[in-house]
Structure formats: C-alpha cells, structure tokens
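Listed below are the residues making up each chain.
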Amino acid sequence: MKSYYETERLQLRIITSSYAAEVLNFYERNKNYFNYWEPDRVRLFYTKDFQRANLVYEYNETVKLHFLRFWIFEKSNPEHIIGCVCFQNLQKGSLMTCTVGYKLDHDYVGHGYAWEALEKAIEVVFNDLKFHRIEALIHPMNAPSIRLIEKLGFEFEGIAKSCIRLNNKWTDHLRYALINPSH
C-alpha cells in the first residue's frame, strides 16, 4: 500500500503529525456542519496538540494496518484539506472486513468529490489490501450519505440498533455493506 493516491481531481494521502494545523483548521471550519453526524468530542479535540497526538496515533495504527485514513486534497490546492475517508475496525484473517467513514468540507459537498475519493479508497482496500467486505453505518436522516453509499454499490443489510452515541444519545444507524467483487 502506498501513502499517496490520485484520482482525476484529488489526492488521497496518509499524513503525519506535521499536518496538525491543517487538520485542526478542517475540523474548526466544519464544526457546526459535522456536529449532528459525528460522535461527541472531548474538550481538547479542537486543539493543535490533540490533533498532532491523534495523527501520530493514527499513523502508527496505519503502519500496523489496524486503521487507515486518507486525507483528501484537491490537486489544484494540494495544501488544503477538504475531507477524509477512514477505514477502521480492520479485521484480518478469515474475516477481512472493515468499516468505512468519510467526511467532506461543507464548501465542497455536491461536486462529486466524496464519490471520487471513496471510489479510489475502496479500490485500495479491495485490490491492494485484499479485504473482502466493507461496512458503512449511516444515520437514517443522512439522505446524501445514503445516496452516495448506494451509488457506490453498497447494499442495505439492516438497522444497527443503538450503535453510536451522538449528542449524548444512543442512535440507530443503517448498516450497508459492499463485497469485493473479485473474491
């Protein structure tokens, strides 16, 4: 697996702690936009020190293939983070499954960037890492995310009851899955 991939308009990168300020800026710009769909954040989340430490942790977990986050940049503005695609709960061996999550800067929604980034990231997980299955958990009210995941070929499998804590309340999420077509 490489740490850098390109699509027609985007760069997908595994980044180091040197990007802490850019990551913090991304989260601060989108705090209100992400608030409804994201888990509750610890008080220190919106600090450069927290983001630096988190990037070190994520990088180390990526090296061990326990976690994988691609940060999304436009080729035309390669220093400005516009989103990320994250694969977590990477289970190897006889399972070869993981869970995908993604977020895109509110100023870039509706231009096909999320689809383009996810398509490439899924290709990497299926072809380079040889995973068999990717799951996505989506809030039932997040219609744009549901449309996106269905457009990518994910199939609805059911409801994951009370699975994610959002705004101090356990919430149900829709469970979707995509199976590697070459397995």
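See above for the structure.
Residues numbered from 1 in each chain as written. Predicted model: local features only at pLDDT ≥ 70, side-chain atom pairs only at ≥ 80, totals over all residues. Heavy atoms only, no water.

Colleague: Could you give an account of helix 1 (residues 20-29), naming the residues involved and the relevant values?
Modeller: All of the buried residues in helix 1 are Ala20, Val23, Leu24, Phe26 and Tyr27. The buried side chains of helix 1 occupy one side of the element, clustering within an arc of 155° when seen end-on. Of the surrounding elements, those touching the buried residues of helix 1 are helix 2 (31-35), helix 3 (48-63), strand 3 (68-74), strand 4 (77-91) and strand 5 (97-104). (Buried < 20%, exposed > 50% of the residue type's maximum accessible area, 1.4 Å probe, protein only. Helix = DSSP H or I, 4+ residues; strand = E, 2+ residues; numbered from the N terminus. Arc of directions from axis to C-beta. Contact = heavy atoms within 4.5 Å.)

Colleague: Explain the layout of surface pockets to me, and be specific about the residues and the numbers.
Modeller: Roughly 1,300 Å³ of internal volume is contained in the largest pocket. Trp37, Glu38, Gly101, Tyr102 and Lys103 are the residues nearest the centre of the largest pocket, which is lined by 44 residues in total. At the level of elements, helix 2, helix 3, strand 4, strand 5, helix 4 (113-128), strand 6 (133-138) and helix 5 (143-151) are the ones that each hand at least two residues to the lining of the largest pocket. Looking at the lining of the largest pocket residue by residue, the classes come out as 24 nonpolar, 12 polar and eight charged. Put simply, the second largest pocket is a space of about 150 Å³. Residue lining of the second largest pocket: Tyr27, Lys31, Phe34, Asn35, Glu38, Pro39, Asp40, Arg41, Tyr46 and Asn167, and that is the complete set. Split into classes, the residues belonging to the lining of the second largest pocket amount to four nonpolar, two polar and four charged. (1 Å grid on protein atoms, 1.4 Å probe; cavity = no way out; pocket = protein on both sides within 12 Å on 5 of 7 lines; lining within 4 Å. Points joined across faces, edges and corners; volume = space filled by probe spheres on them. Nonpolar A, V, L, I, M, F, W, Y, C, P; charged D, E, K, R; others polar.)

Colleague: Which residues make up the nonpolar core, and what are the values?
Modeller: Phe87, Ile134 and Phe154 are the most contacted members of the largest nonpolar core, which has 39 residues in total. Every element with two or more residues in this core is listed here: strand 2 (10-13), strand 3, strand 4, strand 5, helix 4, strand 6, helix 5 and strand 8 (169-179). Looking at this core element by element, the count peaks at nine residues for helix 4. Formed by 13 residues, the second largest nonpolar core is a distinct cluster that contains Ile15, Tyr19, Tyr27 and Phe73. (Core = buried A, V, L, I, M, F, W, Y, C linked by side-chain atoms within 4.5 Å.)

Colleague: Can you lay out the side chain of His173 for me, pointing to particular residues and giving the numbers?
Modeller: Structurally, the position occupied by His173 is in strand 8. Looking at His173, its side chain comes within polar contact range of the side chain of Thr171, at 3.4 Å. When near neighbours in sequence (up to four residues on either side) are disregarded, His173 contacts Leu137, Ile138, His139, Pro140, Gly158, Ile159, Ala160, Cys163, Ile164 and Leu166. (Polar contact = N/O pair within 3.5 Å; in protein donor to acceptor, adjacent residues only side chain to side chain.)

Colleague: So what's going on with the packing of aromatic side chains? Residues and values would help.
Modeller: Across all of its chains, the model carries 13 aromatic pairs by this definition. Judged by centre distance (5.5 Å) and plane angle (65°), the rings of Phe156 and Tyr176 are edge-to-face. Taken as a pair, Phe156 in strand 7 (residues 155-166) and Tyr176 in strand 8 lie far apart in primary sequence, 20 residues in all. Judged by its relative accessible area of 46%, Phe156 falls in the partly exposed class. For Tyr176, a relative accessible area of 3% corresponds to the buried category. A connected cluster of aromatic rings, assembled from ring pairs, spans Phe26, Tyr27, Tyr33, Phe34, Phe45, Tyr46, Phe50 and Trp71. A cation sits over an aromatic face here: Arg9 above Tyr113, 4.3 Å from the ring centre. The positively charged end of Arg41 is found above the aromatic ring belonging to Phe45, 4.2 Å away from the centroid. (Phe/Tyr/Trp six-rings, centres within 6.5 Å; stacked < 30°, edge-to-face > 60°. Lys NZ or Arg CZ within 6 Å of the ring centre and 35° of its normal.)

Colleague: Which residues make up the environment of Tyr5, and what values go with them?
Modeller: Note that Tyr5 resides in strand 1 (residues 4-6). Since its relative accessible area comes to 6%, Tyr5 is described here as buried. Separated by 126 residues in sequence, Tyr5 and Phe131 have C-alpha atoms that sit 18 Å apart. In this structure Tyr5 touches Leu10, Gln11, Leu12, Phe70, Lys120, Val124 and Asp128, once residues within four positions along its chain are discounted.

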